[in-house]
Structure formats: structure tokens, C-alpha cells
Amino acid sequence: QHKDAYQVILDGVKGGAKEKRLAAQFIPKFFKHFPELADSAINAQLDLCEDEDVSIRRQAIKELPQFATGDNLPRVADILTQLLQSDDSAEFNLVNNALLSIFKMDAKGTLGGLFSQILQGEDIVRERAIKFLSTKLKTLPEEVMTKEVEEFILTESKKVLEDVTGEEFVLFMKILSGLKSLQTVSGRQQLVELVAEQADLEQTFNPSDPDCVDRLLQCTRQAVPLFSKNVHSTKFVTYFCEHVLPNLSSLTTPVEGLDIQLEVLKLLAEMSSFCGDMEKLESNLKKLFDKLLEYMPLPPEEAENGENAGNEEPKLQFSYVECLLYSFHQLGRKLPDFLTAKLNAEKLKDFKIRLQYFARGLQVYIRQLRLALQGKTGEALKTEENKIKVVALKITNNINVLIKDLFHIPPSYKSTVTLSWKPVQKADASQKRASEDTTSSSPPKKASAGPKRDARQIYNPPSGKYSSNLGSFSYDQRGGFRGGRGRGWGGRGNRSRGRIY
């Protein structure tokens, strides 16, 4: 019945502006009554979605969800995903809203359309579809994001992760780590394995290839927040000790202005506290120890009259030492007799001399910093210079605590410190108070109440005179280098894709 009348409406897409506007409204309105004309109806509406007149396009896009019934839904999702490439902001928002509304009808069907475009669509469509997932999935209610839907997202994401750029990888980790089913210990473990696969920890590390360095950095940054006492960082820590530390000085920075060596040492320090049982613990501890020695100078020789024999005072690189000492302290707990039984007496004596010399320089510097920050609170602490001093005080206090531990006979590994760039946890604060007699590194009560507490959230690395190798770059804690790189890790991202409505 009325089939001919509906066909006339469909033919309206070939007419003038008025006919097209009417068609854009009436094709979806009566769509469900003519299943035998479904294909023709969807194609007619698609023609309107690509019309030259922006108002007709918007009207047609707005009505697209009405076609998303039964078997047609994945196709409509596919079409809407391709329409994400629109540069008209109102049109783009309509596409987003249409996708969200069909998501609520059938999440898996909608995801099918999105993922087919991510895997096979044009680059601009792929990019925007990934962005859509990374921003919109977390806004969907639990009844839409069921366990089955989340499993589908994980399965499809794994396919995409076989060929991604660094930027895309970061977005996918954001998508996956936001899934409720992956918040469990086994879920986190799965994510760590995904990252390890992406980091390609089986391959030989090439320190002079910026892509290779970039991949390792990006992947490790994604892995760090996933580690815990139940999800171990062993694989990554082992790789860093065996392949990265020995090549530290020859690393090629993937981003201009980044202190690549400090960046690597910070990541190692963060991971070291969650390292499980390591196969080659002694040899990796030795590599870490040797690297630490490079930054712990011997005191300059004195002439017979007690004056410095013309040698310059060595520069103390506090930032590097904090990271290396912390990592050594964390892994040393697993082999507490390393310094006493595994090193010969001569080496241990040499290490103690270096520690003592470093500790002396440290005390002088801590006094200067406390003096400079004394009585300063609130706004005064927010100046660039004072922020740097507050972080410097955290670094020097941390090193002080760790050196005192290693001076014990036998060396102790009991103290806990919070790395200078991390916010202090309340538990740490109470532990610190409890162990104040053994770790008397905290400044006098007055000073700590001011500068140290107010400045907990400062993440900038130290720069300036107390760490000679540091520039004043802005350190981006995690999540890739904002706009720093083009597409592709090595040969990735060379896809040829066609448009497939």
C-alpha cells in the first residue's frame, strides 16, 4: 500500500532544496513501514548527508538514528563514523550525538561500525573514531557498557594495536584502562602484558634510534600507573637494567629539550618499588650500582698543605642520584648482602668514601635551601625560583635518608621516601613521623610545616646549579609527548584506505 508514495519521497532527493528538506524528514519518518525499500531509503538519506547545502546535511544526519534498526544498525554506525570527518562543528556535534544515541540501542553493533572504520577507513576517520572512543565511552552508563561490551572493546582494540602510532597507542591505553572489567588485578596484568608487547621488550635496544627510544618511553609511561604490589614491573625493570642503563649516555632524545637520561632514570625509579622476583638480580643490581658510582664522585685530592690541589670540585647531580639511589635501595632489599658479601672490601670502602663525600655536599646544600625558604609560605612559595628550591629540598632530603640507610652496618633498606616529583601519600607522612629517629632528614618542625607541605604537588624537575645537566624543560609526567611527534613508530601508519559507505 502507499509504496509508490514513499518512492516519490525517495525521489525527492534528486529535486530542489525544498524537496530535499522534506525528503530528509519524511524518509526516516516512514522508513519502518517499507522494509523492502530499506536499502533505497538509506542510500537516499546518505545522498542528503552529502548535500552541498549545510542545512540539508544537518537535517539528514540528525535523522540517521531512525534507520538504526535490526541489521541496519552496524551499517548506520559505519556511516556515522565516516561522517566524523566533517569540519563543520554543528554537523560534527550532530554526528557525535547520533552515534551516542545508537550506542544506547545496541552498543556492540555501534562499536562494530566504529572499529571497522578504525581498521580500514581513511586516516582522518580513523583518528576521529579513536578520539570519539577515548572521550565518549566513559560517559556511557553501566547498563550500556556491560561486561560483554567491554570484552568486545578489548578484543577489537587488540586487533588495532597490531599497527598503531605512538599517539594512537596512548589513546587506546586510556580507553582500555577506563574499562570497569580491567580495574581488577588480572585486568591490570592483562594491560601490562599488552604494553610489554607494544614495547617489544624482546628486541635489541637501539639507543641511537629516536623511534626505538620513543616507543620504550611512551610504553613505559603507560605501564607505570598499572603497577602495584600485585602487578609487578619485573619485565620492564629487567629490560631497563640490562639494555637501557648501560647505554644511558648514548640515548638519542626523541623530543628536543627533554633530558632523556633523567626521564629514563625517573621511570626506572618509579617502577623499582613494584619489581617482583628477578632472575638475574645480582648482575642487574651490579649494573645499577656501577651506574650510581658514575654520579657519586670521589672527593678531590688535597695537597700536603691541606688545600685543594687545583682540582675543581666535582658537580653533584642530585636529580640523577635520587633516582639511581632510590632504585638501588628498592632492589637492594631483595639482596641485602650485596654490598657486604658480593662486593670486595676495597669496592665497599670506595663506595663509603663516595657516599660520605656526597653526604657532606648534601648537608651544605640542605642548610642553604632551608635558610632560603625559612618563613616563606603561600604566595611566596609559588615563585619559579622558590618552587625549584622546594623540589630541591625534597630531592636532597630523600638522598640524605637513603645514604643514612646505606651507612648502617650492615647496610639497611628499611626507610621509605616518596620520590620528589610524586605527591606525598598520607601513609608515607605517618611512616616518616614514626621513623623520625632513624631518618632525621626532615627539616625542623617549623620549616616543614611551611614549604614542604604547601608544595606537595610540584612536578617540575629541579634545574639550575644543583643539577648541572638539567635544562628548564617542562616535564610532561605521562601520556606521550604533547604534539611532539609526527605519526608512526618506525614503519607504522602506512595504510592505504578507501572510503566504503
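Residues numbered from 1 in each chain as written. Predicted model: local features only at pLDDT ≥ 70, side-chain atom pairs only at ≥ 80, totals over all residues. Heavy atoms only, no water.

Applied cut-off: UniProt positions are given in the numbering used here, feature names are shortened, and annotations may be inferred rather than shown by experiment.
In the annotation of an unreviewed UniProt entry, the entry for the chain reads API5 inhibitor, and the organism field reads Serilophus lunatus. The annotation that UniProt attaches to the chain under Subcellular location (unreviewed entry) is "Nucleus". UniProt, in its Sequence similarities (unreviewed entry) section for the chain, records the words "Belongs to the API5 family."

## Describing the pattern of salt bridges
The test is simple: Just to be clear on terms, a salt bridge is a Lys or Arg side-chain nitrogen sitting within 4 Å of an Asp or Glu carboxyl oxygen. Only protein chains enter the area calculation, which uses a 1.4 Å probe; residues under 20% of their type maximum are buried, those over 50% are exposed, and those in between are partly exposed. Strands are runs of DSSP state E lasting at least 2 residues, helices are runs of H or I lasting at least 4, and numbering of each runs from the N terminus.
Applying the stated rule across the entire model yields 20 salt bridges. The partner of D11 in a salt bridge is K14, and the shortest N-O contact between them spans 3.9 Å. For D11, a relative accessible area of 37% corresponds to the partly exposed category. Look at K14 and you get exposed, because its relative accessible area is 71%. Among the ionic pairs, K147 bridges to E151, the shortest N-O distance being 3.0 Å. Residue K147 and its partner E151 are located together in helix 9 (residues 147-160), separated by four residues, close to a single helical turn. Among the residues examined, K147 registers a relative accessible area of 57% and is labelled exposed.

## Considerations on helix 18 (residues 345-373)
What counts is decided by this rule: Working rule for helices: expected span equals 1.5 Å times residues minus one.
For helix 18, built from 29 residues, the straight-helix expectation of 42 Å at 1.5 Å per residue is met to within 8% by its first-to-last C-alpha distance of 41 Å. Of all the positions in helix 18, only L348, F351, R354, L355, Y357, F358, A359, L362, Y365, I366, L369 and L373 are classed as buried. Positioned one or two residues after helix 18, G375 has a phi angle of 75°, which is positive.

## Structural notes on the packing of aromatic side chains
Basically, it comes down to this: Any Phe, Tyr or Trp ring, taking Trp's six-membered ring, that has another such ring centre within 6.5 Å forms a pair; planes under 30 degrees apart are called stacked, those over 60 apart edge-to-face, and the others tilted.
On inspection of all chains with the given rule, the structure shows 14 aromatic pairs. Relative to Y320, the ring of Y295 has its centre 5.0 Å away and its plane inclined at 45°; by these criteria the two rings are tilted. Here Y295, found in the loop between helix 15 (281-294) and helix 16 (318-332), pairs with Y320, found in helix 16; they are 25 residues apart in sequence, far enough to count as distant. Here Y295 falls in the buried class, since its relative accessible area comes to 12%.

## Topic: the packing of helix 18 against helix 19 (residues 384-407)
In helix packing, the relevant descriptors are the interaxial angle and the interaxial distance, both defined with respect to the helix axes. Our working rule: In this analysis, axes come from line fits to C-alpha atoms, helices being fitted only over the stretch in contact, and the angle between any two N-to-C directions falls in the range 0 to 180 degrees. A clockwise turn of the near helix away from the far one marks a right-handed crossing, whereas an anticlockwise turn of less than a right angle marks a left-handed crossing. Residues are sorted three ways: Asp, Glu, Lys and Arg are charged, Ala, Val, Leu, Ile, Met, Phe, Trp, Tyr, Cys and Pro are nonpolar, and all the rest, Gly among them, are polar.
Remark: helix 18 packs on helix 19, axes separated minimally by 9 Å, with the N-to-C direction vectors making an angle of 145°. Along this stretch, helix 18 crosses helix 19, giving a crossing that reads as left-handed. Of the residues in the contact of helix 18 with helix 19, the class split is 17 nonpolar, six polar and three charged.

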